Amino acid sequence: MHTRLVSYLQDNRDQIIENWLTEVEVPAPARSPGGEDGVVPYAFLADAFDSVLGVIRDGRGPDVRSGTMHLENFLGITCECEERCFGGRVCMELHDAGLEAFMSVFESSWDTEHEFNAFDREYSKDLINQALSGFFGQEIERCPHRQSRNDCPFVTQHLPQL
């Protein structure tokens, strides 16, 4: 199953990345004139795609991701996390949009030969979601906004003991 899934995703790589680029809604940089939407570099999504395939193929990701593009390379330059809103968390938006982009090639309008049944699609979705979580988990460790945002769900809050 994993080999078939990896092959299918690889065959549809361009479509998945294109969907990811067009569907992701990231906020504009805080210092952006006019408030246009931010931009996520293609290289970042291509690296994310390759990492997801590696996790599915090998069963686990690398201990340290050595890709060429990280969140820190474009956060604050092309997009920025915003205070107190889910949509402003670039990492979560990229994860959700990525899952939607990967799953778009399983829709009946795309998978016209029905290579994957409903069970296969659900299983594939779980694998892809776990792989994306691992990828973004490593990115969040490097995120320059992680410690400065008190609403970031990835910062461990140390509550005082009563």
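Refer to the structure above for everything that follows.
Predicted model only: the values in this text are computed from it and were never measured. (Residues numbered from 1 in each chain as written. Predicted model: local features only at pLDDT ≥ 70, side-chain atom pairs only at ≥ 80, totals over all residues. Heavy atoms only, no water.)

A. Quick peek at the overall build of the protein. Within the protein, the regular secondary structure consists of five helices and zero strands. Reading the secondary structure of the protein in the N-to-C direction produces α-α-α-α-α. Put simply, of all contacts in the protein between residues at least 6 apart along the chain, 76% involve residues at least 24 apart. For the protein, the exposed area adds up to about 9200 Å²; of that, 50% sits on carbon and sulfur atoms. (Helix = DSSP H or I, 4+ residues; strand = E, 2+ residues; numbered from the N terminus. Contact = heavy atoms within 4.5 Å. Areas by Shrake-Rupley, 256 points an atom, 1.4 Å probe, with all protein chains shown as cover.)

B. Looking closely at the nonpolar core. In this structure, L9, W20, F44, L94, F102 and I128 are the most contacted members of the largest nonpolar core, which totals 43 residues. Breaking this core down by element, the ones donating at least two residues are helix 1 (2-11), helix 2 (13-23), helix 3 (42-58), helix 4 (90-104) and helix 5 (118-142). (Core = buried A, V, L, I, M, F, W, Y, C linked by side-chain atoms within 4.5 Å. Buried < 20%, exposed > 50% of the residue type's maximum accessible area, 1.4 Å probe, protein only.)

C. Structural view of the environment of R13. Counting through the fold element by element, R13 comes out in helix 2. On the basis of relative accessibility, which here comes to 17%, the residue R13 falls in the buried class. Remark: the alpha-carbon pair of R13 and F49, spanning 36 residues in sequence, is separated by 7.8 Å.

D. Focus on the packing of aromatic side chains. Throughout the structure, instances matching the rule amount to 10 aromatic pairs. Grouping aromatic residues by their ring pairs yields a cluster made of F44, F74, F135 and F136. Over the aromatic face of F116 sits the side chain of R4, whose NZ or CZ is 4.3 Å from the ring centroid. (Phe/Tyr/Trp six-rings, centres within 6.5 Å; stacked < 30°, edge-to-face > 60°. Lys NZ or Arg CZ within 6 Å of the ring centre and 35° of its normal.)

E. Representation of helix 4 in the model. Spanning 15 residues, helix 4 covers 21 Å between terminal C-alpha atoms, matching the ideal 21 Å at 1.5 Å per step. The buried count for helix 4 comes to 12 of 15 residues, which makes it a mostly enclosed element. For helix 4, the set of buried residues is V90, C91, E93, L94, H95, A97, G98, L99, A101, F102, M103 and S104. On its buried side, helix 4 packs onto helix 1, helix 2, helix 3 and helix 5. (Expected span 1.5 Å × (residues − 1).)

F. The side chain of R13, seen in detail. In this structure the side chain of R13 is engaged in a polar contact, spanning 3.4 Å, whose partner is the side chain of D50. Discounting residues that sit within four places of it in the chain, R13 has contacts with Y42, A46, F49 and D50. (Polar contact = N/O pair within 3.5 Å; in protein donor to acceptor, adjacent residues only side chain to side chain.)

G. Helix 1, seen in detail. Those residues of helix 1 that sit buried are L5, V6, Y8 and L9. Angular distribution of buried residues about the axis of helix 1 spans 165°; they occupy a single face of the element. With respect to the buried face of helix 1, the exposed residues turned more than 90 degrees away are T3 and D11. In this fold, the buried residues of helix 1 make contact with helix 2, helix 3, helix 4 and helix 5. (Arc of directions from axis to C-beta.)

H. The arrangement of a negative patch on the surface in detail. The grouping of E23, E25, D37, D96 and E100 at the surface amounts to a negative patch. By secondary structure assignment, the location of D96 is in helix 4. Given a relative accessible area of 32%, D96 falls into the partly exposed group. (Patch = residues over 30% accessible without salt bridge, like charges linked within 9 Å, V, L, I, M, F, W, Y side chains within 5 Å. Salt bridge = Lys/Arg side-chain N within 4 Å of Asp/Glu carboxyl O. Lys, Arg positive; Asp, Glu negative; His and termini not counted. Charge placed at Lys NZ, Arg CZ, Asp CG, Glu CD.)

I. Broad picture of the pattern of salt bridges. Scanning all chains against the criterion turns up three salt bridges. A salt bridge links R57 to D58; the shortest N-O distance between them is 3.4 Å. What makes D58 exposed here is its relative accessible area of 53%.

J. Quick peek at the environment of Y42. For Y42, the location among the structural elements is in helix 3. The class of Y42 is partly exposed, set by a relative accessible area of 43%. Taking the C-alpha atoms as reference, Y42 lies 8.9 Å from E18; in sequence the two are 24 residues apart. Sequence-distant contacts of Y42, defined by excluding residues within four places in its chain, comprise R13, D14, I17 and L21.

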